[in-house]
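Residue-level structural notes
The lines below spell out each chain.
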Amino acid sequence: MIKRGGQIPRLCSGQKGFSIMEILLVISFVAAMLSLIMGVSNFNSKTRKLNEENTQVTLYSIEAIEAVKMMGRSVLVAGDYSVDLVGETWTISAGSQLIDGKYTRNINISNVERENIGNGHAYGDIVPSGNADPDTKKISVTIDWQSRTGSAKQEVLETYIHRWASDRWVHTDWGGGSGQASWSDETMFYTKDSGIDISIDGIVTLQSGFLDWNEATTTATFNTTGDKDDNDVYELDDIAYLVTQNNSSGHEFYVIDVSDIYNPFLLDSLNIGSTVSSVVVQGDYAYISTSRNTRELQVIDVSDPSDVFRSGEYNLPDSSNAKDLQVYNNEIYIVQDDDLYSFSINNPGDPLPLGSIGVDDDAEELFISGQYAYIATEDSDKELQIVEITNPTSLTIVGQYDLPDSLDATDVFVRGNRAYVSTKENSSGSEFFVLDISDPENPSYLGEYEVGETVHSFSIVGPYALLGTNLSNQELKVIDISFPVTITEVSSFDLDGYVLGMSANCSIIYAATSNDQGEFFIISTEVVDCDYADFGTLESSTYDTGSDQVVYNWISWSGIQPTDTEVRFQIATSVNSGGPWNYVGPDATSGTYYTTSEEYINYTNHQDERYLRYKLFLESEAAWQVPILEEAIISYSTYPQ
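In this report, we go over the structure that sits alongside the text. A quick note: this is a predicted structure, and the numbers were derived from the prediction, not measured. (Residues numbered from 1 in each chain as written. Predicted model: local features only at pLDDT ≥ 70, side-chain atom pairs only at ≥ 80, totals over all residues. Heavy atoms only, no water.)

**A closer look at the sheet that holds strand β14 (residues 217-222)**
- Across the sheet, four strands lie side by side as β14-β41-β40-β39; this open sheet has antiparallel pairing. The outermost strands of the open sheet, each flanked by one partner alone, are β14 and β39 (499-504). The mean inter-strand angle of the sheet, taken between neighbouring strand axes irrespective of direction, is 25 degrees.
- The sheet contact formed by β39 and strand β40 (residues 508-513) spans five bridges and is antiparallel. Looking at the pairing, G501 lines up with A512 of β40. (Pairing = 2+ DSSP bridges. Helix = DSSP H or I, 4+ residues; strand = E, 2+ residues; numbered from the N terminus. Axes fitted to C-alpha atoms, helices over the stretch in contact; angles between N-to-C directions.)

**Side note on a negative patch on the surface**
- Where like charges cluster on the molecular surface, the negative patch consists of D237, D238, D534, D564 and E621.
- Relative to the helices and strands, D534 is located in the loop between β41 (520-524) and β42 (535-539). (Patch = residues over 30% accessible without salt bridge, like charges linked within 9 Å, V, L, I, M, F, W, Y side chains within 5 Å. Areas by Shrake-Rupley, 256 points an atom, 1.4 Å probe, with all protein chains shown as cover. Salt bridge = Lys/Arg side-chain N within 4 Å of Asp/Glu carboxyl O. Lys, Arg positive; Asp, Glu negative; His and termini not counted. Charge placed at Lys NZ, Arg CZ, Asp CG, Glu CD.)

**Focus on the pattern of salt bridges**
- Across all of its chains, the model carries 16 salt bridges by this definition.
- R295 is the partner of E313 in a salt bridge, and the nearest nitrogen-oxygen pair spans 3.3 Å. With E313 in strand β22 (residues 309-314) and R295 in the loop between β20 (285-290) and β21 (297-301), this residue pair connects regions lying 18 residues apart in the sequence.
- For E313, a relative accessible area of 36% translates into the label partly exposed. (Buried < 20%, exposed > 50% of the residue type's maximum accessible area, 1.4 Å probe, protein only.)

**With respect to the pairing of β41**
- Across the five residues that make up β41, a large majority, five, are buried.
- Side-chain alternation along β41 places F520, I522 and S524 on one buried face and F521 and I523 on a second face that is also buried.
- Bridge analysis of β14 against β41 gives five bridges, and the strand direction is antiparallel. Along β41, the bridge assignment pairs T217 with S524.

**Here we look at the sheet that holds β20**
- With antiparallel pairing, the four strands of this open sheet are ordered in space as β19-β20-β21-β22. The open sheet has two edge strands with one neighbour each: β19 (276-282) and β22. Strand-to-strand, the axes of this sheet are offset by a mean angle of 25 degrees, without reference to chain direction.
- Two elements, β19 and β20, share six bridges in a ladder whose sense is antiparallel. The residue bridging Q282 from the neighbouring strand is Y285, located in β20.

**Side note on unusual backbone geometry**
- Omega for the bond connecting G579 with P580 falls within 30 degrees of zero, at 10 degrees, which places this linkage in the cis form.
- With respect to the helices, strands and loops of the structure, P580 is situated in the loop between β45 (565-574) and β46 (598-600).
- The backbone of D100 shows a phi angle near 55 degrees, a positive value even though the residue is not glycine.
- Looking at the secondary structure, you find D100 in the loop between β3 (97-99) and β4 (103-118).
- Under the relative-accessibility criterion, D100 is labelled exposed at 58%.
- For D608, which is not a glycine, the phi torsion comes out positive at approximately 60 degrees.
- With respect to the helices, strands and loops of the structure, D608 is situated in the loop between β46 and β47 (611-620).

**Let's talk about the environment of E599**
- Relative to the helices and strands, E599 is located in strand β46.
- The buried category is assigned to E599, whose relative accessible area is 18%.
- Measuring from C-alpha to C-alpha, the distance between E599 and W557 comes to 9.4 Å, with 42 residues separating the pair along the chain.
- Among the polar contacts made by the side chain of E599, one reaches the main-chain amide nitrogen of T595 at a distance of 3.1 Å.
- There is a polar contact of 3.3 Å between the side chain of E599 and the side chain of T596. (Polar contact = N/O pair within 3.5 Å; in protein donor to acceptor, adjacent residues only side chain to side chain.)

**Section: the environment of Q282**
- Inspection of the secondary structure puts Q282 in strand β19.
- In the structure, Q282 is positioned 46 residues away from Y328 in sequence and 9.5 Å away in space, judged by C-alpha atoms.
- Here Q282 is in contact with Y287, V327, N329 and I345, once residues within four sequence places are set aside. (Contact = heavy atoms within 4.5 Å.)

The structure is reproduced here in structure tokens:
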């Protein structure tokens, strides 16, 4: 109770209250908290405003880049620009623009330069100073604005626009013949001369003449030392390179002059010290596969045929015998047991291992065609196996084929879109098969022929297969394979030994046999002139790229090009489907040709010319060997992109 006089009574003992100091502390704390809350609220507001601005700037930058991508490449000239949406179409104007009264957007288009150049095509890394790349532009979008926070802000977004998308004109079959002016039938073309042969499905080659088997006869034999079988032979430029089984009585590698097919004579020989299973010659070197555990791959220098010597070797990982090898460009492929190995021979005397891959069961023989190795194996459910060799350091099995019954394949040969496979004796069917390999991943059956015995080896000459058989009175059998469904016998020869390896052309067969007294045979058809063509041309029909805005990127081809043969192309383009057609090479003149397996097409000479033709030139100065084209590809790009 309050007494009169207004005095405040004392607190009773045990009561508590706030002191002045405590009250001041509470007030300070509350003030600080209010200040912090106001500060955080203000910070959040500023952050929200900045995030809104940054999001808007990003959207305006992306919008500008996407709008530029829709423009035709003809307007993408170096400079500063703005874009506007007029109706449903983006338009481009010089100079920057103000958006929403706040954001100044500038779109800069600049040219690009690259490290390398070929036929007008710039490629490689982008560099500050190098070779102008007409197919690439740099797009930089810069946006400046005054932020709500009071500070000046800038954002830059950069990208590159490439004319990278391309189409391809692919030609793999010419069997439809000539007479087609415009590209509609993929098997036809415009015209060819008499030197070109298109009779074999899937290839273009030179006419290889004819064979008259009625007059064929053995002209000579050659007896190698001892009684060992001759396993293989490779003839090149009138010299036969012959290899044999391990021969304790003499040598296993022979160099024989066969320029006179009636009087062959020995030039030199070499002791290998083991069985040699196969031989291939390229340039100044012979490459052989052997049973020698420490040197299954050997290289023989034959630059002087009268004085040959071993110049290189390689010990394969396994101790098994190497069975066969093939040379492809600057690479060797060799099979040993159930493995395929690849080697670089950029330095022939020192083979450099590149890669390997396992195949099922023993690999007996192989054949290289285009970007694939075809392997004949003893695997009863995939006698033919196909390995892609595009990258020799990373071999890949892509296809296989299971022949009827459980067979052991003995040899394989590929020409165009057909693979030919021989086998050991098949008591219930055929020993020679023809397959369609136009799709290497899925070979298909075309035909077969029953020989009646093992086929040790064979070769293909024109429309004929020359089979080395185990028949006692038909060791060499000739069959016509023009029509795989109805293969017919043409002729046969009774030799004194089985043909284990052969090298053949349209008039002469060089045979390595098992005969003890004359293991090496020369058989001639007695045809002096077998109408062999040394030159031929083919002109394609007209291909429509479908666009008046087009550039041509590159031309590539695959096939077989033996030493001293040529595969060449020229390109003609026009704004009219009817031409004119002026065929030129890489320097835009009629005196040059595209000669490598993949080459850039002259950029400026053919730009924006919608219609295209190619002209193929085949030439040979290699006695009986011919170049073979299996595929031609031309890459082109249309724009705007």
